[in-house]
Amino acid sequence: MVGQTVGQYRVLGKIGRGGMSVVYSAEDVDLHRKVAVKFISTRLTADEAAKQRFIQEARAASALDHQNICTIHQIGETDDGRLYLVMAYYQGETVGQKIRRGPISVEDALGVVYQVANGLSRAHESGIVHRDIKPGNIMVTDRDEVKILDFGIAKLAREGAEMELTQPGTVLGTAAYMSPEQASGREVNDQTDIWALGVVLFEMLAGERPFQGPHPAGIIHSILYDDLPEAALPADLAPGVRRVLHRALAKERSHRYARMKELMTDLGRLLQDGGADPVGLLPPTQAFPNVNRSIVVLPFANLSPDRDSDYFSDGLTDELITDLSNIRALRVISRTSTNRLKESQDDLRSIARSLNVQYVLEGGVRRAGESLRVTAKLIDATTDSLLWADKYSGTMEDVFAIQESLSRKIVEALKVTLSVEEDRALAEHPITDVEAYEFYLRGKQEVHRYSEEALDRALVYLQNGLKIAPENALMISALGQVYWQFVNAGISSDSMYLQKAEECAQKVFEIEPDSPHGNRLLGIIRIHQGQCLEGVRLLQKALATSPNDTDTLAFLTTCYGFMGRPSAGRPLTRRLLEVDPLTPIYQCWPGILSLMDGRFSEALGYFMKSFRMDPSNPMVRCIHGQVLAMAEQRERGLEVFESLRRDMPENFFAKLSELYCYALAGKVDKARELVDEELSAVARTDPFYSWNLAECFALLGEKEAALEWLRQAHNNGFYNYPLLAEKDPFLESLRGDEAFDALLLEVKESWEAFEV
């Protein structure tokens, strides 16, 4: 075949051979790109079933547009009836080739398996089970991107029409990686791929397969009956990794991970901790997570004749969450996450499993005039058992007493011992008027939308709340955050907004001298004023007082990232997602740390998840495009940038996206024209935005402008020396420049001096 031309492809050389095909590298003579071409084996040319499997692979893989799945360009047939498949060509090596050199480090192995799981999750969502996951079918590119290859025996089940190319009881796949059900010829589902991926993880860590034998029948016997050979694993392997292996390789499907996303959740937690033993992993042999002392308070149903009383039931829900969040022994799902469950039709057990909690509180509120009736019940979702149920009657004046009574009932049922401070906190109410509290909640919700219209609405909500509760520290701190967000979201560079925000912070301290809300607000203001170290100190102080505050966790995580300490932020992101797992924007926070650590492919999954949950958020969409481009997926990155420019042309992040488009296309004049006084003024207020502009000018070869913006970023607190010195691909044109090297020395000094 070498030297021949098939269609528009000139065959260059053989890459490898499989059981039913041989793969060559080739040149696409029309598009001038290198591709891989898989030809069906000549001995199978007349085998109709084999040809159908070959065609099925093309259909299965081409239906999946995912960064971790090999891209299929075309299927064709030679003049002599030989089928061929044209795929993207990836420079790199398979996991099998890596394993042959010896065991792989825990962190690298987890990273590879996470990306494979990400791709398989997409396949499963589309009704496709791969059925032949093994090291030879997993490619790791030179950019550390993982690609799943060979969907030749995938099972398709779309729109209720299942396509099987084997008779019942026939076994397809590679023996060593077959699940027990696959090896015994039983029906397969998503859990078959989970098992195979568990075998691959074991083999990467141990350097050998977990189930072995002298021949295929012996291997299958080992799969069906032998225990997992833990002695083959590294002696110092963290218990968390062992638990993941045991659950992925549980012989009974009821004990195995049910879905690939569950496996991804545990892998993500392990990766955040560098392969250590994080809290909250799903256990290997139980059908329900090990989630003692964790609770979700579902939105209380409004049972009143007046449907406009939703704000009242929402207020009661949030008061309970606030009370319980002050108890350190409890993990409590935050209000922003539970609010997304308001219209959920899922059963309680499914909700609890998705949030990784053991207990669920649900209830209802009936209000008629001044009369009030509240019902509540606490359920242990792991056993579907009712712990207690109660009814409370009174008037509107009794609402906070009812709320406190409910909180104490929960504490009693969960057998939690309160400290003196926690007991006192249960009796306190930050906002004592329910309607005012609803205005506060609505205002806070708008802050995270990153648009001028949303912030204008937030101002109205909070100002209405302050008319009812004028001297309230919580409400005033939220108002200050709205003013700050006008600058942070790139909507305005007017110093008036930061001035108003600082006035709010000072007023909070007058009411409550050591308020965590005041410390958090003043901390983020100081960062935008270029006093990053002072800002971090204030955020750390706020977190010490209020360890479950999601805003503080998010802000401090970001600071650790751009100051070059992403590893310090990972425990914070884990806590953030534990207490607020459903807020879309927080899903990308681990991705921000991966971005700041130069692990761009790893960051993609987090930004994709956040984007899917809320495609309207311009900040998420812009950074998603940036990460795609940095991960050598420039075409997809440009598509994301262009969509943001099209959908929100006046938004700051849309303009930043437009600048990246010009930079990646080398349009210097267009870029200079776009970076006007307004855009520059906004970018100068933020270390991240200053770095963004430096990247763009470096891509354009405008070294002087790039260095100017890097100095601005450094002055604002961007101390991430490893990223700037080596990992950021967009700064490559600056490396070796004398002025850049001198600036790096200053950045390195700041980075080394910063201690978490």
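Residues numbered from 1 in each chain as written. Predicted model: local features only at pLDDT ≥ 70, side-chain atom pairs only at ≥ 80, totals over all residues. Heavy atoms only, no water.

## As for the packing of helix 24 (residues 618-630) against helix 26 (residues 652-665)
Piece 1. Viewed as axis vectors pointing N to C, helix 24 and helix 26 meet at an angle of 15 degrees, and their least axial separation amounts to 9 Å. Classed by the angle they form, the pair helix 24 and helix 26 counts as roughly parallel. Crossing angle aside, the handedness with which helix 24 passes helix 26 is left-handed. On the side of helix 24, the interface is formed by Pro-618, Met-619, Cys-622, Gln-626 and Ala-629, while helix 26 contributes Phe-653, Leu-656, Ser-657, Tyr-660 and Leu-664.
Piece 2. Considered class by class, the residues forming the contact of helix 24 with helix 26 number eight nonpolar, two polar and no charged. (Axes fitted to C-alpha atoms, helices over the stretch in contact; angles between N-to-C directions. Helix = DSSP H or I, 4+ residues; strand = E, 2+ residues; numbered from the N terminus. Parallel < 35°, antiparallel > 145°, perpendicular 65-115°, else oblique. Left-handed = near helix turned anticlockwise from the far one by under 90°. Contact = heavy atoms within 4.5 Å. Nonpolar A, V, L, I, M, F, W, Y, C, P; charged D, E, K, R; others polar.)

## Some points on the environment of Gln-587
Piece 1. Following the sequence through the fold, Gln-587 ends up in the loop between helix 21 (566-579) and helix 22 (589-596).
Piece 2. When near neighbours in sequence (up to four residues on either side) are disregarded, Gln-587 contacts Leu-577, Asp-580, Pro-581, Leu-582, Tyr-606, Lys-609, Ser-610 and Met-613.
Piece 3. A polar atom in the side chain of Gln-587 sits 2.5 Å from the backbone oxygen of Pro-581. (Polar contact = N/O pair within 3.5 Å; in protein donor to acceptor, adjacent residues only side chain to side chain.)

## A closer look at helix 20 (residues 550-562)
Piece 1. Look at helix 20: 19 Å from first C-alpha to last across 13 residues, which is about the 18 Å you get at 1.5 Å a residue.
Piece 2. Of all 13 residues in helix 20, 13 are buried, a share of seventy percent or more.
Piece 3. Of the residues that open helix 20, the one with a side-chain oxygen 3.4 Å from the backbone nitrogen of Asp-551 is Asp-549.
Piece 4. Positioned one or two residues after helix 20, Gly-564 has a phi angle of 85 degrees, which is positive. (Expected span 1.5 Å × (residues − 1). Buried < 20%, exposed > 50% of the residue type's maximum accessible area, 1.4 Å probe, protein only.)

## Examining the side chain of Asn-488
Piece 1. Checked against the element boundaries, Asn-488 lands in helix 16 (residues 473-488).
Piece 2. Classification of Asn-488 as buried rests on a relative accessible area of 10%.
Piece 3. There is a polar contact of 3.3 Å between the side chain of Asn-488 and the side chain of His-528.
Piece 4. Not counting the four nearest positions on each side in its chain, Asn-488 is found in contact with Tyr-450, His-528, Asp-686 and Tyr-689.

## Considering the packing of aromatic side chains
Piece 1. Counted by the stated rule, this structure contains 17 aromatic pairs.
Piece 2. Three or more aromatic residues joined by ring pairs make a cluster, and in this case those are Phe-562, Phe-688, Trp-691 and Phe-718. (Phe/Tyr/Trp six-rings, centres within 6.5 Å; stacked < 30°, edge-to-face > 60°.)

## Things to note about the pattern of salt bridges
Piece 1. Inspection of every chain in the model, using the stated rule, returns 34 salt bridges.
Piece 2. Salt-bridge contacts for Glu-502 lead to Arg-526; the nearest nitrogen and oxygen are separated by 3.0 Å. One end of the pair, Glu-502, is in helix 17 (residues 495-511); the other, Arg-526, is in helix 18 (residues 516-528), and 24 residues separate them in sequence.
Piece 3. Of the residues examined, Glu-502 reaches a relative accessible area of 21% and is grouped as partly exposed.
Piece 4. What makes Arg-526 buried here is its relative accessible area of 13%. (Salt bridge = Lys/Arg side-chain N within 4 Å of Asp/Glu carboxyl O.)

## Observations concerning helix 30 (residues 703-716)
Piece 1. The end-to-end C-alpha distance of helix 30 is 20 Å, a good match for the 20 Å that 14 residues give at a rise of 1.5 Å each.
Piece 2. For helix 30, every residue scored as buried is listed here: Ala-705, Ala-706, Leu-707, Trp-709, Leu-710, Ala-713, His-714 and Asn-716.
Piece 3. Directly beyond the C-terminal end of helix 30, a positive phi value near 115 degrees is found at Gly-717.

Function cannot be read off these values alone, since they describe shape.
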